[in-house]
Amino acid sequence: MPPESWSLYTLMLRSRLFEEAVAGLWRDGLISGEMHLGTGEEAVIAGVVSQLRDGDAMALDHRGTAALLMRGVDPVLIVRELLGRPDGLCGGAGGHMHLFSREHLAASSGIVGAAGPTAAGFALAAQYLHPGSIAVAFFGDGAMNQGMLMEAMNLAAAWSLPVLFVCKDDGWAITTRSEGMTGGDLSARARGLGVPAVEVDGLDASAVWEASRAAIARARSGLGPTFLHARCVHDEGHFLGFQLIRIVRDPLREMPGVAVPLTRSFVHPGGAALRERLEGLGGVLTAVLSTLRDPRRDPVNDPVRRARLALQTDPARLQELEDQADREIGHLFATALADVAS
Ligand SMILES: Cc1ncc(C[n+]2csc(CCOP(=O)(O)OP(=O)(O)O)c2C)c(N)n1
Ligand SMILES: [Mg+2]
């Protein structure tokens, strides 16, 4: 077993427990707006972030919480930021999609694709001011269809910038399947821009660790960027409360809310032709049925579970680690929320 397995699992587990607690706050109505969790992509984040040093930078997308936590940003400040409090990481003004830490050279953006130019900027600064430091861009497969990300990859190759472009590919952009809107192959696309590409199983933290180790070493020694293509699965769908996932988890509770308006519009006297209505209805049913067999719902695609299985050779150590993580996350949420109830 690789020596880093225990530390990778610790990072992933803390992140999972943290985000599950965040989900609880969101469900209780304490966090407003949408909530995109990074659950399901922990192996990708841990495999890369565990190798960053002081002076390295991170550009993050709308699922940046796990990366910040693993990078060592104060979790209490993150929780307070999510709650919109003035004593939060960004004064309560950023929310979960715009988390920044100047100290950690970490910047998030909800603008899909923005991690590319942000990381290229960080890397350009590193090239001039701190040779040996690198920048990482984390983004989804949907972002690969944004021009600014392609432009950033092109310049990074032309200027040999020390960047690791990490694509967390879950096959979806909100409710759109990537296969329906993405031409060609993503790694081939990166290579076409002059960026070497590596394919890795994004559910396997050790594999990501190994693949990114070589890419990071390459960037540190001035040889330029690498594209890491990691497949992963977001078990909550696009965001918390994603309707298809809700329906299949609890059909009796959720179906009436969908069926009533659907039936009403189906029997409405005006509007679309019967054939089009039937097609629409068929589309909804197909989406629900395909979600039943969706890889997002299959526990074998859970990277935290997978990492845990590999460590069951030492159950006592595993138990101790999990108890400690539980206590730590419980304590930090209690601290962050201490004055909320009062
Ligand atoms: C420039 C831009 N276009 C559209 C959106 C709306 N939007 C938010 S998240 C998202 C999907 C992004 O998909 P992907 O990059 O694959 O990330 P994932 O959510 O799958 O992790 C879209 C289209 C946006 N925020 N920014
Ligand atoms: Mg995606």
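Right above here is the structure, for reference.
Counting from 1, residues in each chain are numbered in the order their sequence is written. Here chains are named by letter from A upward and ligands by number from 1 upward, in the order in which they appear as written. Only residues with pLDDT of at least 70 get local features here, since the model is predicted, and only at 80 or more are side-chain atom pairs given and counted; chain-wide, interface and lining totals rely on the full set of residues. To obtain the side-chain values, all non-hydrogen atoms of the structure were used and water was disregarded.

Engineer: Any chance you could explain the overall build of the protein chain here in plain terms?
Structural biologist: Along the protein chain, the regular secondary structure elements total 13 helices and nine strands. For 342 residues, the compact-globule estimate of 2.2 N^0.38 gives 20 Å, and the protein chain sits close to it at 21 Å. Considered along the principal axes of its C-alpha atoms, the protein chain spans approximately 70 × 50 × 45 Å. Burial analysis of the protein chain (342 residues in total) assigns 49% to the buried set. We call two residues in contact when some of their heavy atoms are within 4.5 Å. Partitioning the intrachain contacts of the protein chain with sequence separation of at least 6 by distance along the chain shows that 72% fall at a separation of at least 24. Carbon and sulfur atoms provide 58% of the accessible area of the protein chain, an area that totals close to 15800 Å². Helix numbers and strand numbers start at the N terminus; a helix is a DSSP run of H or I with at least 4 residues, a strand a run of E with at least 2. The globule rule is 2.2 Å times the number of residues to the power 0.38, and the radius of gyration it is compared with is taken over C-alpha atoms. Think of it in three bands: with a 1.4 Å probe and only protein chains considered, a residue is buried below 20% of the maximum accessible area for its type, exposed above 50%, and partly exposed in between. Residue burial considers only the protein chains on display, and all accessible areas are found by Shrake-Rupley using a 1.4 Å probe.

Engineer: Teacher, can you tell me more about the coordination of the magnesium ion (ligand 2) here?
Structural biologist: Any two of four tetrahedral donors ideally make an angle of 109.5 degrees at the metal, while pairs among six octahedral donors ideally make 90 or 180 degrees. Only nitrogen, oxygen and sulfur atoms within 2.8 Å of the metal, or 3.2 Å for Na, K and Ca, are treated as donors, and water is left out, so sites may look incomplete. Surrounding the magnesium ion (ligand 2) are the protein donor atoms Asp141 (OD), Asp170 (OD) and Trp172 (O), which sit 2.1 Å from the metal. You can call Asp141 buried: its relative accessible area is 3%.

Engineer: Can you walk me through the pattern of salt bridges in this structure?
Structural biologist: Any two side chains of opposite charge can pair, on the condition that their charged atoms come close. Think of a salt bridge as a Lys or Arg side-chain nitrogen and an Asp or Glu carboxyl oxygen that are within 4 Å of each other. Taken as a whole and judged by the stated rule, the model has 19 salt bridges. When the shortest N-O distance is used, the salt bridge between Asp169 and Arg231 registers 3.4 Å. Linking Asp169 in strand S5 (residues 163–169) with Arg231 in strand S9 (residues 226–231), this pair joins segments that are 62 residues apart in sequence. The exposure class of Asp169 is buried, given its relative accessible area of 7%. You can call Arg231 partly exposed: its relative accessible area is 48%. Put simply, Asp250 and Arg253 hold a salt bridge, and the shortest N to O gap is 4.0 Å.

Engineer: Explanation requested: the site of ligand 1 in the structure shown.
Structural biologist: One heavy atom suffices: a residue is near a molecule or strand as soon as one of its heavy atoms comes within 4 Å of it. Close to ligand 1 lie 16 residues; His62, Arg63, Gly110, Asp141 and Gly142 are nearest. We define a polar contact as two N or O atoms separated by no more than 3.5 Å, with the added condition that, inside protein, one atom must be a possible hydrogen donor and the other a possible acceptor, whereas residues neighbouring each other in sequence contribute only through side-chain atom pairs. His62 places a polar side-chain atom, nitrogen or oxygen, 2.8 Å from an oxygen atom of ligand 1. Between ligand 1 and Gly110, the relevant distance is 2.8 Å, taken from a nitrogen atom to a main-chain nitrogen or oxygen of the residue. Alone, ligand 1 offers 580 Å² of accessible surface; in the complex the protein occludes 73% of this.

Engineer: Even after reading the chapter, I still don't get the sheet that holds strand S2 (residues 100–101), so can you show me in this structure?
Structural biologist: Sheets are built from strands paired through backbone hydrogen bonds, the pairs being either parallel or antiparallel. Two strands are said to pair when DSSP picks up at least two bridges between them. Spatial ordering of the open sheet is given by S2-S3-S1-S4-S5-S9-S8, a layout of seven strands whose pairing is mixed. The open sheet is flanked by S2 and strand S8 (197–201), the only strands paired with a single partner. Both strand S4 (residues 135–140) and S5 contribute to a ladder of six bridges, which runs parallel. Bridging from a neighbouring strand, Val136 pairs with Leu164 of S5.

Engineer: What's the story with helix H2 (residues 42–49) in this structure? I'm lost.
Structural biologist: The α-helix advances 3.6 residues per turn, and as a result positions three or four apart in sequence lie on the same side. The buried fraction of H2 is high, at eight of eight residues. Those residues of H2 lying buried are Glu42, Ala43, Val44, Ile45, Ala46, Gly47, Val48 and Val49.

Engineer: Please explain helix H5 (residues 115–129) as it appears in this structure.
Structural biologist: For a helix, the expected span equals 1.5 Å multiplied by the number of residues minus one. An ideal rise of 1.5 Å per residue puts 21 Å on 15 residues; H5 measures up with 21 Å between its terminal C-alpha atoms. Along H5, the residues classified as buried are Ala115, Gly116, Ala119, Ala120, Ala123 and Ala126. Axial view of H5: buried residues confined to an arc of 125°, hence all on one face. Seen from the buried face of H5, the exposed residues on the opposite side, beyond 90 degrees, are Tyr128 and Leu129. Packing partners of the buried residues in H5 comprise strand S1 (57–60), S4, helix H6 (147–158) and S5. Note that the arc is computed from the directions linking the helix axis to the C-beta atoms.

Limitation: the analysis is restricted to geometry and does not speak to function.
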